[in-house]
Amino acid sequence: WAWQRRGGRPRPGQAARFVGGLLALLIALNGPLHDLSDWYLFSAHMVQHLVLTLVVPPLLLTGTPGWMLDALLRPLLARRLTAALVRVVTRPLPAFTLYAGALIGWHLPSFYNLALEIHAWHVVEHAVLLAAAVAGWWPILSPSRLAPALPYAAQLLYLFVFGIPMTVVAAMITGAEHVLYPFYEAAPRVFDLTPLADQRLGGVIMWVPSGLVPLTAFTAVFFRWAAAEADETA
């Protein structure tokens with residue numbers, strides 16, 4: 001009864017996506033992937049960043065019921081300052097700017113090395129990347145009525161540019177002729193990879209999903225739009 005009063009019980013697939021998002025977050029920040037990325041391999045760190053930006057946010061957003069998000073947003077929207085902030089960061093241009101700025105900024109050598117050398121900054125780096133990625137995905141996947149997703153046509157345009165920031169970062173890393181991050185140059189070798197080869201592998205690991213994930217989302221939105229148009233016509 002309580003679920004029905006608040007907006008309905010989450011669908012089975014929705015609950016599975018939310019739990020999957022939490023599990024992906026746990027795997028990214030703990031265990032072997034965490035240890036490899038923190039101490040040994042740049043390429044492992046790129047896998048970690050991919051999970052934090054391209055896996056966890058979509059799963060959490062699509063796994064959270066809209067009424068639950070609205071319950072969290074309603075107190076923020078009741079105050080002028082926080083309401084303005086919510087409305088800004090969930091709109092397409094600011095959301096994309098936050099996502100692109102966080103992704104590119106934290107992969108610049110100075111900020112990246114700072115995060116590797118000081119653990120507190122590393123925590124900040126991951127928190128900012130995750131929060132910015134949630135904002136970046138919001139115009140596509142938001143189930144909220146108070147801060148809704150874009151119309152289907154605008155979603156397609158948004159997804160057309162969504163992968164550009166990560167592609168820029170991946171190209172910068174893959175094409176570098178020298179090691180950009182001294183921390184990994186001095187790290188112990190756990191595989192037969194030189195620091196430069198490890199760096200280029202990390203760039204390629206970023207490059208492929210930066211194109212495939214937005215393309216997959218683009219295809220899903222297109223077919224969802226077509227289905228909605230068919231329902232309206234019927």
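In this text the structure is predicted, and so the values were computed from the model without any measurement.

**Student:** It is not clear to me how the overall build of the protein chain should be interpreted in this structure. Could you clarify?
**Tutor:** Along its length, the protein chain carries 13 helices and zero strands. For the protein chain, the succession of helices and strands along the chain, N to C, is α-α-α-α-α-α-α-α-α-α-α-α-α. Relative to the globule expectation of 17 Å for 234 residues, the C-alpha radius of gyration of the protein chain, 19 Å, shows essentially globular dimensions. Considering the protein chain as a whole, with its 234 residues, one finds that 40% of them fall into the buried category. Once local pairs closer than 6 in sequence are excluded, the contacts in the protein chain between residues at least 24 apart make up 72%. Surface accessibility of the protein chain: about 12400 Å² in total, with carbon and sulfur atoms responsible for 72%.

**Student:** I tried to follow the packing of helix α5 (residues 66-77) against helix α6 (residues 80-89) on my own but got confused; where do I start?
**Tutor:** For any two helices packed against each other, one specifies the crossing angle of their axes together with the interaxial distance. Two elements in contact, α5 and α6, have axes separated by 7 Å at closest approach and are oriented at 130 degrees. With respect to their mutual orientation, α5 and α6 come out oblique. Packed against α5, whose contacting residues are Leu-73, Leu-76 and Leu-77, the element α6 presents Thr-82, Ala-83, Val-86 and Arg-87 at the interface. The class makeup of the residues in the contact of α5 with α6 is five nonpolar, one polar and one charged.

**Student:** Quick question: what am I supposed to make of the side chain of Gln-155 here?
**Tutor:** Residue placement: Gln-155 occurs in helix α10 (residues 152-162). For Gln-155, the residues in contact, after removing those within four places along its chain, are Pro-139, Ile-140, Ala-149, Leu-150, Val-221 and Arg-224.

**Student:** Would you mind going over the packing of aromatic side chains with me for this structure?
**Tutor:** To describe a pair of aromatic rings, you give the distance between the ring centres and the angle between the ring planes. Here the structure, examined in full by the defined rule, presents 13 aromatic pairs. Ring centres of Phe-42 and Tyr-181 lie 5.1 Å apart, and the angle between their planes is 20 degrees; this geometry places the pair in the stacked category. Of the two residues, Phe-42 is situated in helix α4 (residues 42-63) and Tyr-181 in the loop between α11 (164-175) and α12 (182-185); the sequence distance between them amounts to 139 residues. A relative accessible area of 1% means that Phe-42 is categorised as buried. On the basis of relative accessible area, Tyr-181 is assigned to the buried category, the value being 1%. Centroid distance Phe-96 to Tyr-158: 6.3 Å. Interplanar angle 80 degrees. Geometry classified as edge-to-face. Remark: Tyr-158 occurs in helix α10 and Phe-96 occurs in helix α7 (residues 92-106); sequence separation between them is 62 residues. A residue is classified by how much of its surface remains accessible, and Phe-96, at 18% relative accessible area, is buried.

**Student:** What is the right way to read α7 from this model?
**Tutor:** Compared with an ideal rise of 1.5 Å per residue, which puts 15 residues at 21 Å, α7 spans 21 Å between its outermost C-alpha atoms and is within 8% of the ideal. For α7, the set of buried residues is Ala-95, Phe-96, Tyr-99, Ala-100, Ala-102, Leu-103 and Trp-106. When α7 is viewed along its axis, its buried side chains cluster within an angular range of 165 degrees and face the same direction. Summarising the contacts, the buried residues of α7 are in contact with α4, α6, α8 (109-117), α9 (119-141), α10 and α11.

**Student:** Help me understand the pattern of salt bridges in this model?
**Tutor:** Per the counting criterion, the structure on display carries one salt bridge. Note that Arg-200 and Glu-177 form a salt bridge whose closest N and O atoms lie 3.6 Å from each other. Taken together, the residues span a long stretch of sequence, with Arg-200 in helix α13 (residues 195-233) and Glu-177 in the loop between α11 and α12 at a distance of 23 residues. On the basis of relative accessible area, Arg-200 is assigned to the partly exposed category, the value being 31%.

**Student:** Mind showing me how you'd approach the side chain of Thr-53 here?
**Tutor:** Checked against the element boundaries, Thr-53 lands in helix α4. Judged by its relative accessible area of 1%, Thr-53 falls in the buried class. Excluding residues within four positions of it along the chain, Thr-53 makes contact with Pro-58, Tyr-99, Leu-103, Leu-129, Ala-133, Trp-137 and Met-166.

**Student:** Explain helix α2 (residues 12-29) here, please?
**Tutor:** Residues spaced three or four apart along an α-helix point in a common direction, a consequence of the helix completing one turn every 3.6 residues. Under the 1.5 Å per step criterion, the end-to-end length of α2 is 26 Å for 18 residues, consistent within 8% with the ideal 26 Å. The set of residues buried in α2 consists of Gln-14, Gly-21, Ala-24 and Ala-28. Considered in projection along α2, the buried side chains sweep an arc of 80 degrees and stay on one side of the axis. Away from its buried face by more than 90 degrees, α2 exposes Pro-12, Ala-16 and Ile-27. Buried residues in α2 make contact with α3 (31-39) and α4. Just past α2, the residue Gly-31 takes up positive phi, approximately 75 degrees.

Reading the values: the criteria
- One numbering rule holds for all chains: residues counted from 1, following each sequence as written.
- Only residues with pLDDT of at least 70 are given local features in this predicted model, and only at 80 or more are side-chain atom pairs given and counted; all residues enter the totals for whole chains, interfaces and linings.
- Hydrogens and waters are ignored; side-chain quantities use all the structure's heavy atoms.
- A run of DSSP states H or I qualifies as a helix once it reaches four residues; a run of E qualifies as a strand once it reaches two. Both are numbered from the N-terminal end.
- Both definitions apply: the radius of gyration is a C-alpha atom measure, and the globule rule equals 2.2 Å times residues to the power 0.38.
- Using a 1.4 Å probe on the protein chains alone, a residue whose accessible area is under 20% of its type maximum counts as buried, one over 50% counts as exposed, and one in between counts as partly exposed.
- Every residue pair with non-hydrogen atoms within 4.5 Å of one another is taken to be in contact.
- The accessible surface values rely on the Shrake-Rupley method and a 1.4 Å probe; as for residues, cover is taken only from the protein chains in view.
- Lines are fitted to the C-alpha atoms to define the axes, a helix being fitted only along its stretch in contact, and any angle between axes, read from their N-to-C directions, falls within 0 to 180 degrees.
- In what follows, roughly perpendicular refers to angles from 65 to 115 degrees, roughly parallel to angles under 35, roughly antiparallel to angles over 145, and oblique to any angle outside these ranges.
- Throughout, the ten residues Ala, Val, Leu, Ile, Met, Phe, Trp, Tyr, Cys and Pro are labelled nonpolar, Asp, Glu, Lys and Arg are labelled charged, and all others, Gly among them, are labelled polar.
- When the centres of two rings from Phe, Tyr and Trp lie within 6.5 Å, Trp using its six-membered ring, the rings pair. Their planes under 30 degrees apart give stacked, over 60 give edge-to-face, and anything left gives tilted.
- A helix is expected to span 1.5 Å for every residue after the first.
- Throughout, the arc means that of the directions going from the helix axis to the C-beta atoms.
- A pair is scored as a salt bridge if a Lys or Arg side-chain nitrogen falls within 4 Å of a carboxyl oxygen belonging to Asp or Glu.

This is a description of form; function is not addressed.
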